[in-house]
Amino acid sequence: MACWLLTAIVSGAAVLWLWSTLAAIINFVFRYPAFDQYRLYPNYLLLPFPQNISQSENGHRPIVPNLLRLADLYGFAASQQLQIVVSIGAALLSLALIVRVVTRERQVPPLARAAACLFAVLTLFWLGNARTLMHGFEQAHVYLTVLACVLALLAVQRARTDDSYLWPLLAGGACLAATFSYGAGLASFAAVLLVSLVFGLRARYLLTFGALFAAAMLVYAFALPGNGYVRESLAFDPVGIAATMAQWLSSPWIRGWLGAGFPQFDAALYSGMTTSRYAHLLTTAATWLATPFGDDGAARQGVLVGAIGLLAYLAALVHACRHRASSTRLHFLGLGLASFIVASAGIVAIARAKYFVLYPEQIFADRYSPWPCLFWLGLALYAIAGSRRLAGAALAAAVAVATALVLLPTHRTQAIWSSIVYRKMQQSAVAAQLGIWDPKYNFDVASASREDTMGTLDLWRDNRLSMFAEPGFALVEGGWHMPAAVPPSLPDAEAHVIHAFDEANHHRRVAEFEGLLPRGVHLPRDPLLVVVDDGGAFRGLAKASFFPPGKPALRLGLQRKRGFAGYALDARPGESLRVLALRPGDGSALAAVPLRIPDSN
């Protein structure tokens, strides 16, 4: 009875964690392109097919994600919706396939199976990877590759028992899809070849994988546009590569917890670690563990943690070779996932060696973090596959729950980060619709210069894409005027100016404002918010973008955002304006919020 109760608790923890992440995604997923996309969208729009999908992107060949982006571009006006739905769907399908393999291992105790499911949920849906989970562009790279790798491993495993060329061909096709989704996807071939050798797949199937791998390498490095960049980025330093691999593999532990012990690492990531006694205890423990490595020793600690993981991987590899006959599907999947990420670590360490010398802190960058998580999942699945007794199952459950507890503070902190970035992206969309360049939300950085951003915004405007396909922009262009029937201002609503500035593009005074709708106001989840003056003339736009102060970003519900922010154009000191909430369908006014421009702005 106690065992079943513990199984229910661990399973419930997995479900709650998954739902908290899905709720955060629904609440805060980025609805507009950002950063690199401003530089890349002209390729999709201006180059002919297939050149527009085959260009090198930072050394990667994301042909499969680019096909998805073209479908989103021409079918959904670059709204990001198709990318988000397909990519998160790929993450959920990957989780479902892993859980299916776990739950069918009947010789493994239920408690250990529940622990494996919790590990899988933590791996794929930890908000420490919020950059990937919230950004449709990043989602497509990562989760299409993960799904392709899982499918490849399951197909190869099926080929062990079904003497048919169908399964090796399916596995090879999945590896090709992974290769042309993300640079590290090439490692799927290495993983498939390794586990095929370890678990005794037929030689003719190995030759099939080897031929496909060689063909993919030739196309990747020599045939496609930009192949010179791919080759020139390579560097070979065995000791440096080994250290980089170990650091890269340690990233989830450093970012999720241990990095809190180093003041120089990432203060924003651990800002939530001081909000409770429990989080403070974790920080104290991380600081104690960091003491032997010095104040700036995250890299050295990363080498140690990664080396421990690599030793565990080698032990699993030796165990698999010695116990091939008794291995299960879960053994196969676990070793395959770990092998995929070890090979990925090698590719990244070689391909980014020169970059990491210049920017060593980037080894732990959030854009890489989802991949090492899969390495530790693979090790956990392999270990759990050998669990047969209650003691082993209890240990697996304890480690899984402890991992969740350790990662919970950063899970919460990154939910807050997601809400902040979501608000900024909503505001940047309003600025774009109104033709405003606001340095607070429009960045001039290497990944997206001002020139790139302005040029891409012009393309989107001309083609009515992204924020320019929305009803709000139609009001900007159409000479909209306030409807005759307007409700009185809401008594408990508020809006106030945050700051005002002279906008250079159109030589006008612009006031940025924010406001809060009162409770109990029955409005659509995403109302159209328009600024008007006393004469009913159009004077600006706003978007619902944040929860009221004090409301947690990490929640289990889908609550409407009552906070809104936007811009008022040609703002004059002492002027009284109103923010109208319109019904998106017919444009009828549902509510009004007063907005007064300060006497001195």
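Residues numbered from 1 in each chain as written. Predicted model: local features only at pLDDT ≥ 70, side-chain atom pairs only at ≥ 80, totals over all residues. Heavy atoms only, no water.

1. Some thoughts on helix 17 (residues 329-351)
Spelled out, the test is: Runs of E in the DSSP output that reach at least two residues are strands. Runs of H or I that reach at least four are helices, and both are numbered from the N terminus. Expected helix span is given by 1.5 Å per residue-to-residue step, counting one fewer step than there are residues. For each residue, the accessible area found with a 1.4 Å probe, counting protein chains only, is set against the maximum for its type, and the residue is called buried under 20%, exposed over 50%, and partly exposed in between.
With 23 residues, helix 17 extends 32 Å between its outermost C-alpha atoms, agreeing within 8% with the 33 Å of an ideal straight helix rising 1.5 Å per residue. Burial analysis of helix 17 places 19 of its 23 residues in the buried class, which makes it a mostly covered element.

2. Things to note about the environment of glutamate 105
The following threshold applies: Any two residues having at least one pair of non-hydrogen atoms within 4.5 Å are treated as being in contact. Under the rule applied, a polar contact is a pair of N or O atoms within 3.5 Å (in protein, one hydrogen donor and one hydrogen acceptor; residues adjacent in sequence only if both atoms are side-chain atoms).
Tracing the chain through its elements places glutamate 105 in the loop between helix 5 (81-103) and helix 6 (110-125). Between the alpha carbons of glutamate 105 and arginine 329 there is a distance of 8.0 Å; along the sequence they are 224 residues apart. Not counting the four nearest positions on each side in its chain, glutamate 105 is found in contact with Arg113, Thr328, Arg329 and Leu330. A polar side-chain atom of glutamate 105 sits 3.2 Å from a polar atom in the side chain of threonine 328.

3. What to know about the packing of aromatic side chains
What counts here: Aromatic pairs are defined between Phe, Tyr and Trp rings, using the six-membered ring for Trp, whenever the two ring centres lie within 6.5 Å; interplanar angles under 30 degrees are classed as stacked, those over 60 as edge-to-face, and all others as tilted.
Scanning the entire structure with this criterion turns up 18 aromatic pairs. Relative to tryptophan 371, the ring of tyrosine 182 lies with its centre 5.1 Å away and its plane at 25°, an arrangement referred to as stacked. Pair noted here: tyrosine 182 is in the loop between helix 9 (166-179) and helix 10 (187-198) and tryptophan 371 is in helix 19 (residues 370-385), with a separation of 189 residues, a long-range link. For tyrosine 182, a relative accessible area of 9% puts it in the buried group. Overall, the relative accessible area of 1% leaves tryptophan 371 in the buried class. Among the aromatic residues, those joined into a cluster by ring pairs are Trp248, Tyr355, Phe356, Tyr359 and Tyr368.

4. Observations concerning the sheet that holds strand 7 (residues 589-596)
Stated formally: The pairing criterion is simple: DSSP has to find at least two bridges between the two strands. Axis definition: a line fitted to C-alpha atoms, limited for helices to the stretch in contact. Angles are taken between N-to-C directions and run from 0 to 180 degrees.
On the basis of which strands lie adjacent, the open sheet formed by 7 strands has the order 1-2-5-4-3-6-7 and antiparallel pairing. Two strands in the sheet have a free side with no partner beyond their single neighbour: strand 1 (494-503) and strand 7. Each neighbouring strand pair of the sheet contributes to a mean axis angle of 25°, computed without reference to strand direction. The sheet contact formed by strand 6 (residues 576-582) and strand 7 spans 7 bridges and is antiparallel. Bridged to leucine 582 within strand 7 is alanine 589. Here helix 20 (residues 390-433) sits on the sheet and contacts strand 1, strand 2 (508-516), strand 4 (538-546) and strand 5 (563-569); the angle it forms with strand 4, its principal contact strand, is near 165°.

5. Structural notes on the state of the cysteines
Two cysteines joined by a covalent bond between their sulfur atoms form a disulfide. For clarity, the cut-off: Two cysteine sulfurs form what is called a disulfide whenever their separation falls within 2.5 Å.
As enumerated under the stated definition, the model contains 0 disulfides in all. Looking at cysteine 149, it has no disulfide partner, and the nearest cysteine sulfur is the one in cysteine 175, 7.0 Å off. We classify cysteine 149 as buried; its relative accessible area is 2%. Not part of a disulfide, cysteine 321 finds its nearest cysteine sulfur in cysteine 149, a span of 19 Å. With a relative accessible area of 45%, cysteine 321 lands in the partly exposed category.

6. Some words on empty space enclosed by the protein
Our working definition: The pocket and cavity definitions rest on a 1 Å grid over protein atoms only: a 1.4 Å probe that fits but cannot leave marks a cavity, an open set with protein on both sides within 12 Å along at least five of seven lines marks a pocket, and residues lining either have an atom within 4 Å of a point. Grid points are joined across faces, edges and corners, and a volume is the space filled by probe spheres set on the points. Amino acids are sorted into nonpolar (Ala, Val, Leu, Ile, Met, Phe, Trp, Tyr, Cys and Pro), charged (Asp, Glu, Lys and Arg) and polar (every other residue, Gly among them).
Considering all chains together, one arrives at 2 cavities of 30 Å³ or more under this definition. Lining the largest cavity, in full, are Arg31, Tyr422, Arg525, Asp526, Ala544 and Lys561. Looking at the lining of the largest cavity residue by residue, the class counts come to 2 nonpolar, no polar and 4 charged. Here the second largest cavity defines a volume of roughly 30 Å³. Forming the walls of the second largest cavity are Thr123, Leu124, Asn129, Val142, Tyr143, Val146, Pro370, Trp371 and Leu374. By residue class, the composition of the lining of the second largest cavity is 7 nonpolar, 2 polar and no charged.

7. A closer look at a nonpolar patch on the surface
What counts here: Without a salt bridge and with relative accessible area above 30%, a residue can belong to a patch; like charges are then joined within 9 Å and nonpolar side chains (Val, Leu, Ile, Met, Phe, Trp, Tyr) within 5 Å. Residue-level accessible areas treat just the shown protein chains as cover; the underlying method is Shrake-Rupley with a 1.4 Å probe. Every case where a carboxyl oxygen of Asp or Glu lies within 4 Å of a side-chain nitrogen of Lys or Arg is listed as a salt bridge.
A surface patch of nonpolar side chains, amounting to about 440 Å² of accessible area, comprises Leu16, Trp19, Ile26, Leu556 and Leu558. Following the sequence through the fold, leucine 558 ends up in the loop between strand 4 and strand 5. Assessed through its relative accessible area of 40%, leucine 558 is described here as partly exposed.

8. Structural notes on the confidence of the model for the protein chain
To keep it simple, the criterion reads: Think of pLDDT as the predictor's per-residue confidence, scored from 0 to 100.
A residue-level look at the protein chain finds 91% of positions with pLDDT of 70 or above and a mean pLDDT of 85. Ranking the helices and strands of the protein chain by mean pLDDT puts helix 5 first, with 96, and helix 12 (residues 227-232) last, with 50.

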